[in-house]
Amino acid sequence: MFGKLFGFLGKDLAMDLGTANTLLYTRTEGIVLNEPSVVAIDQQRNTVLAVGKEAKEFLGRTPQRIRAIRPMKDGVIADFEVTKQMIAYFVRKVISGMSMAKPRIVICVPTGITQVEKRAVIESAQQAGARDVKLIEEPMAAAIGADMPINEPFGSMVVDIGGGTTEVAVISLSAIAYAESVRVAGDAMNQAVQRFMQERFQLLIGENMSERIKMTVGSAFELPEPLSMSVSGKDMVTGTPKAVEVTDSEIREALQDPVKAIVMAVRKALEKTPPELAGDIVTHGILLAGGGALLKGLDRLITAETGLKVTIDSEPLTTVVRGTGRTLDDKKFYSRVYVN
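Cut-offs and rules
- Residues numbered from 1 in each chain as written.
- Predicted model: local features only at pLDDT ≥ 70, side-chain atom pairs only at ≥ 80, totals over all residues.
- Heavy atoms only, no water.
- UniProt positions renumbered as here; feature names shortened; annotations may be inferred.
- Helix = DSSP H or I, 4+ residues; strand = E, 2+ residues; numbered from the N terminus.
- Rg over C-alpha atoms; globule rule 2.2 N^0.38 Å.
- Buried < 20%, exposed > 50% of the residue type's maximum accessible area, 1.4 Å probe, protein only.
- Contact = heavy atoms within 4.5 Å.
- Areas by Shrake-Rupley, 256 points an atom, 1.4 Å probe, with all protein chains shown as cover.
- Expected span 1.5 Å × (residues − 1).
- Polar contact = N/O pair within 3.5 Å; in protein donor to acceptor, adjacent residues only side chain to side chain.
- Core = buried A, V, L, I, M, F, W, Y, C linked by side-chain atoms within 4.5 Å.
- Salt bridge = Lys/Arg side-chain N within 4 Å of Asp/Glu carboxyl O.
- Pairing = 2+ DSSP bridges.
- Axes fitted to C-alpha atoms, helices over the stretch in contact; angles between N-to-C directions.

For the protein, an unreviewed UniProt entry supplies the name Cell shape-determining protein MreB and the organism Oleidesulfovibrio alaskensis. Under the Sequence similarities (unreviewed entry) heading, UniProt states for the protein: "Belongs to the FtsA/MreB family." Quoted verbatim from the Subunit (unreviewed entry) field of UniProt, the annotation for the protein is "Forms polymers."

The next subject is the overall build of the protein. Summing up its helical and strand segments, the protein has 12 helices and 18 strands in all. Whereas a compact globule of 340 residues would reach a radius of gyration of roughly 20 Å, the protein reaches 21 Å, a difference of no more than 12%. Expressed along its principal axes, the backbone C-alpha trace of the protein runs to roughly 60 × 60 × 35 Å. Evaluated residue by residue, the protein yields a buried proportion of 54% over its 340 residues. Within the protein, contacts between residues at least 6 apart in sequence are counted, and of these 62% link residues at least 24 apart. Carbon and sulfur atoms make up 50% of the accessible area of the protein, which totals about 15,300 Å².

What follows concerns helix H2 (residues 80–94). Taking 1.5 Å per residue as the helical rise, H2 with its 15 residues ought to reach 21 Å, and the 21 Å between its terminal C-alpha atoms agrees with that figure. Of all the positions in H2, only Val82, Thr83, Lys84, Met86, Ile87, Ala88, Phe90, Val91 and Val94 are classed as buried. The residue sitting at the N-terminus of H2 and contributing the capping side-chain oxygen is aspartate 79; that oxygen lies 3.4 Å from the backbone nitrogen of glutamate 81.

A word on unusual backbone geometry. Phi is positive for serine 174, close to 60°, though the residue is something other than glycine. Among the secondary structure elements, serine 174 is positioned in the loop between strand S12 (166–172) and strand S13 (175–182). With a relative accessible area of 7%, serine 174 lands in the buried category. Unusually for a residue other than glycine, glutamine 202 sits at a positive phi of about 50°. Relative to the helices and strands, glutamine 202 resides in the loop between helix H5 (186–201) and strand S14 (203–204).

With that settled, consider the nonpolar core. Grouped together as the largest cluster of nonpolar side chains are 43 residues, with contacts concentrated most on Met197, Ile213, Val231, Val246 and Ile286. Among the elements that make up this core, the one with the highest residue count is helix H8 (residues 256–272) (6 residues). Core analysis: the next-biggest nonpolar cluster, separate from the first, contains 33 residues, Ile77, Met86, Val121 and Ala130 among them.

This part is about the pattern of salt bridges. A full pass over the atoms with the stated rule returns 16 salt bridges. A salt bridge links aspartate 12 to arginine 27; the nearest nitrogen and oxygen atoms lie 3.2 Å apart. Separated by 15 residues along the polypeptide, aspartate 12 in strand S1 (residues 12–17) and arginine 27 in the loop between strand S2 (21–26) and strand S3 (30–36) bring together distant segments of the chain. Among the ionic pairs, aspartate 235 bridges to lysine 242, the shortest N-O distance being 3.5 Å. The class of lysine 242 is partly exposed, set by a relative accessible area of 25%. Linked by salt bridges that have partners in common, Asp12, Arg27 and Arg104 make up one network.

Taken together, 5 strands build an open sheet; the order of strands is S3-S2-S1-S9-S10 and the sheet is mixed. Two strands in the sheet have a free side with no partner beyond their single neighbour: S3 and strand S10 (132–137). Each strand axis lies, on average, 20° off the axis of its neighbour in the sheet, ignoring direction. Both S1 and strand S9 (residues 104–109) contribute to a ladder of 5 bridges, which runs parallel. Pairing of leucine 13 across the sheet is with isoleucine 105, part of S9. The strands touched by helix H3 (residues 115–127) within the sheet are S9 and S10, with S10 carrying the most contacts at an inclination of about 140°. Together, S1, S2, S3, S9 and S10 form the strand contacts of helix H11 (residues 319–329), whose direction differs from that of S1 by roughly 155°.

So, about the sheet that holds strand S16 (residues 241–247). What the 3 strands build is an open sheet, ordered S14-S15-S16; its pairing is antiparallel. Looking at strand neighbours, the two that pair on one side only are S14 and S16, the edges of this open sheet. Those strands touched by H5 are S14, strand S15 (228–235) and S16, and its axis lies near 105° from that of S16. This element, helix H6 (residues 207–217), spans S15 and S16 of the sheet and lies at about 165° to S15.

Okay, structure coming up:
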């Protein structure tokens, strides 16, 4: 698939540079890359050993000289140099011969990002080989990707739950009328599961296992049928391997705090929304996007807390990058949505 793009000069790319995953989109091919935002580095030689899917397998399994790094934290760059190398690797994987091809890139960023953080994203992309970089806010990209009528004079609410941040925004006339951003999302849920397993079962588990638990039996609302799974880890008391059985009700308890923070962000955004736009949201409801939208029962919980209809996008993991990519098709129409 990637070979077909060889030698195409000036290829436009859309990038969802996420805390958990990075996705790349081209106008001709659609989504061409979806890999974890992880880089494995040999610290002795100061060289990159692996990026993306292969590097994620290194998490929690590396010898001392090798470090698996997630260079994005809370939706923004935490390690500039490693992020630059990661972007360059992904772009080269999509477009061969980067020394010849200098793509234009549109990158989505959180609404709460500072000017310094914006500059770090732009410089990382430029140093990775981009000749022009535009930024778009994540909830705006999600609204475009979900086919919401962003240019109409009525309010639409989108909740984008990624790896590092949850973005809640009310959009009208191609602009964000009100936004609420909290640095609580998928990663915070994983950490909550890890803490719960330590406190309840005296069991140490890794990041990949906590994510697997969340995806398999995690929920925000009582499920029609109970779920359970076996979890393996290290006994904190004896230091030996150990396996326990966990249920959906236990993991729902573990996820209470991050889920509550997300619901509170939605409620606060609704409270701050102008009356006319709030009336529109009553009619059209709330859209959920991002990987966190897949947490079982989250839509039902938000409905119970707000009384509003909640819809999950058909492909929530790719909503943001699809919306970012659509801005490439008609730059004049979407020019107002860029934030730089």
